[in-house]
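# Working through the structure, step by step
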Amino acid sequence: MGSHHPPLKALTLTHIRYQRGDHLGHFLAYISLIPVFISFGGFVCHFIFRRELQGMCFAIGLIIAQFISELIKKSVQQARPETCIVLEMCDSHGWPSSHSQYMFFFAVYFTLLTFRGIGLTDVKNKWAACFLPWLLAVLTMYSRVYLGYHSVPQVFAGAILGIFLGSSWFWFINNKFIYFFPIIEESSFGKMFYVKDTSHIKNVLKFEYENARRARKEMDVKDN
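Residues numbered from 1 in each chain as written. Predicted model: local features only at pLDDT ≥ 70, side-chain atom pairs only at ≥ 80, totals over all residues. Heavy atoms only, no water.

## Focus on the overall build of the protein
Scanning the protein from terminus to terminus reveals 10 helices and zero strands. Ordering the α and β elements of the protein from the N terminus gives α-α-α-α-α-α-α-α-α-α. For 224 residues, the compact-globule estimate of 2.2 N^0.38 gives 17 Å, and the protein exceeds it by more than 25% at 22 Å. By its C-alpha atoms, the protein is 80 × 50 × 40 Å across when sized along the principal axes. Residues counted as buried form 38% of the 224 residues belonging to the protein. Long-range pairs, those at least 24 residues apart, make up 73% of the contacts in the protein between residues at least 6 apart in sequence. (Helix = DSSP H or I, 4+ residues; strand = E, 2+ residues; numbered from the N terminus. Rg over C-alpha atoms; globule rule 2.2 N^0.38 Å. Buried < 20%, exposed > 50% of the residue type's maximum accessible area, 1.4 Å probe, protein only. Contact = heavy atoms within 4.5 Å.)

What follows is the structure in structure tokens.
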């Protein structure tokens with residue numbers, strides 16, 4: 001008597017399908033993976049090497065926004081386009097697009113950080129610095145429609161949600177929660193993991209560069 005096994009489901013985190021021989025689709029499949037690269041490459045590396053409170057709040061906001069997006073999806077339960085049959089994605093919902101929400105949250109938060117002067121460098125041409133995140137956000141939105149994962153209204157809904165959540169989270173962090181940054185820095189957690197806030201420093205790279213050189217010179221003087 002044969003045993004019956006429940007149907008298997010693929011983990012869709014990096015499971016992106018495109019038509020064989022479609023070079024644009026191949027490129028857009030990689031574009032769809034940008035949220036994964038940002039999360040696991042960007043923010044994990046940021047925590048390991050930087051330990052900036054602004055960066056941590058940025059990452060936490062993206063996680064919270066993702067939960068909100070998924071909650072809305074389960075509440076609305078709007079189906080994906082008919083192409084979901086080929087993509088084997090019909091068991092999940094499509095409104096709003098989580099990829100679009102993520103990238104537009106990232107773009108608006110990054111832009112607000114840049115124009116407020118918070119970041120690693122004192123950017124003179126702020127519009128040029130913000131061009132790439134918005135370009136990647138638009139390409140991600142287009143890729144989800146082109147590859148058949150979402151309809152146009154679904155990606156626009158994700159974009160609007162991302163802009164709203166990103167701007168709201170930025171306002172909360174930099175107008176309310178920022179007053180707790182010194183407390184976190186002086187806490188046992190902050191001291192253990194060397195968590196810091198450098199948002200009050202105009203050019204962090206220059207500040208660290210000059211202090212590193214000064215420390216090296218002082219060390220050389222002591223050794224001699």
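## Section: the pattern of salt bridges
Inspection of the entire model under this criterion finds three salt bridges. Note that glutamate 52 is salt-bridged to arginine 50, the shortest N-O span being 3.3 Å. For glutamate 52, a relative accessible area of 7% gives the class buried. Each of Arg50, Glu52, Lys196 and Glu208 takes part in a single network of salt bridges with overlapping partners. (Salt bridge = Lys/Arg side-chain N within 4 Å of Asp/Glu carboxyl O.)

## Topic: the packing of aromatic side chains
Under the defined criterion, the tally for this structure stands at 14 aromatic pairs. Note on phenylalanine 47 and phenylalanine 193: the rings are 6.5 Å apart at their centroids and 50° apart in plane angle, and the pair reads as tilted. Taken together, the positions of phenylalanine 47 in helix α2 (residues 34–49) and phenylalanine 193 in helix α9 (residues 188–193) put the pair 146 residues apart, joining distant regions of the chain. Residue class for phenylalanine 47 comes out partly exposed when judged on its relative accessible area of 31%. By relative accessible area, phenylalanine 193 is classed as partly exposed at 31%. On the numbers, 5.8 Å between centres and 70° between planes, the contact of phenylalanine 104 with tryptophan 134 is edge-to-face. Of the two residues, phenylalanine 104 is situated in helix α5 (residues 98–115) and tryptophan 134 in helix α6 (residues 126–146); the sequence distance between them amounts to 30 residues. Accessibility expressed as a relative area gives 6% for phenylalanine 104, which makes it buried. Cluster of aromatic residues (ring-pair linked, three or more members): Phe43, Phe58, Phe105, Phe106, Tyr109, Phe110 and Phe170. Above the face of the phenylalanine 47 ring, arginine 51 is positioned so that its terminal group lies 5.2 Å from the ring centre. The ring of tyrosine 149 has arginine 144 lying over it, and the distance from NZ or CZ to the ring centre is 4.4 Å. (Phe/Tyr/Trp six-rings, centres within 6.5 Å; stacked < 30°, edge-to-face > 60°. Lys NZ or Arg CZ within 6 Å of the ring centre and 35° of its normal.)

## Topic: the packing of α2 against α5
At their nearest, the axes of α2 and α5 sit 9 Å apart, and the two run at 50° to each other. Here α5 runs oblique to α2, going by the angle between their axes. Every residue of α5 that contacts α2 at Ile34, Pro35, Ile38, Ser39 and Phe43 is listed here: His99, Tyr102, Met103 and Phe106. A breakdown of the residues in the contact of α2 with α5 according to their chemical character gives seven nonpolar, two polar and no charged. (Axes fitted to C-alpha atoms, helices over the stretch in contact; angles between N-to-C directions. Parallel < 35°, antiparallel > 145°, perpendicular 65-115°, else oblique. Nonpolar A, V, L, I, M, F, W, Y, C, P; charged D, E, K, R; others polar.)

## As for the confidence of the model for the protein
Reading fine detail from the predicted coordinates is not recommended where pLDDT is low. Of all residues in the protein, 91% attain a pLDDT of 70 or more, and the chain-wide mean is 85. The spread of mean pLDDT over the elements of the protein runs between helix α4 (residues 84–87), the lowest at 74, and helix α7 (residues 152–175), the highest at 95. (pLDDT = per-residue confidence, 0-100.)

## Remarks on the nonpolar core
Ile38, Phe43, Phe58, Leu62, Phe105 and Tyr109 are the most contacted members of the largest nonpolar core, which totals 34 residues. Secondary-structure elements contributing two or more residues to this core are α1 (23–32), α2, α3 (53–76), α5, α6, α7 and α8 (181–186). At eight residues, the largest contribution of residues to this core is made by α5. Sequence-distant contacts of phenylalanine 43, that is, excluding residues within four places in its chain, are made with Ile38, Gly55, Phe58, Ala59, Leu62, Tyr102 and Phe106. Membership of the second largest hydrophobic core comes to eight residues, among which are Ala29, Cys84, Met89 and Tyr149. (Core = buried A, V, L, I, M, F, W, Y, C linked by side-chain atoms within 4.5 Å.)

## Side note on the environment of valine 36
With respect to the secondary-structure elements, valine 36 resides in helix α2. Taking the relative accessible area as the measure of exposure, valine 36 reaches 16% and is therefore buried. A sequence separation of 65 residues divides valine 36 from glutamine 101, and the C-alpha atoms of the two residues are 13 Å apart.

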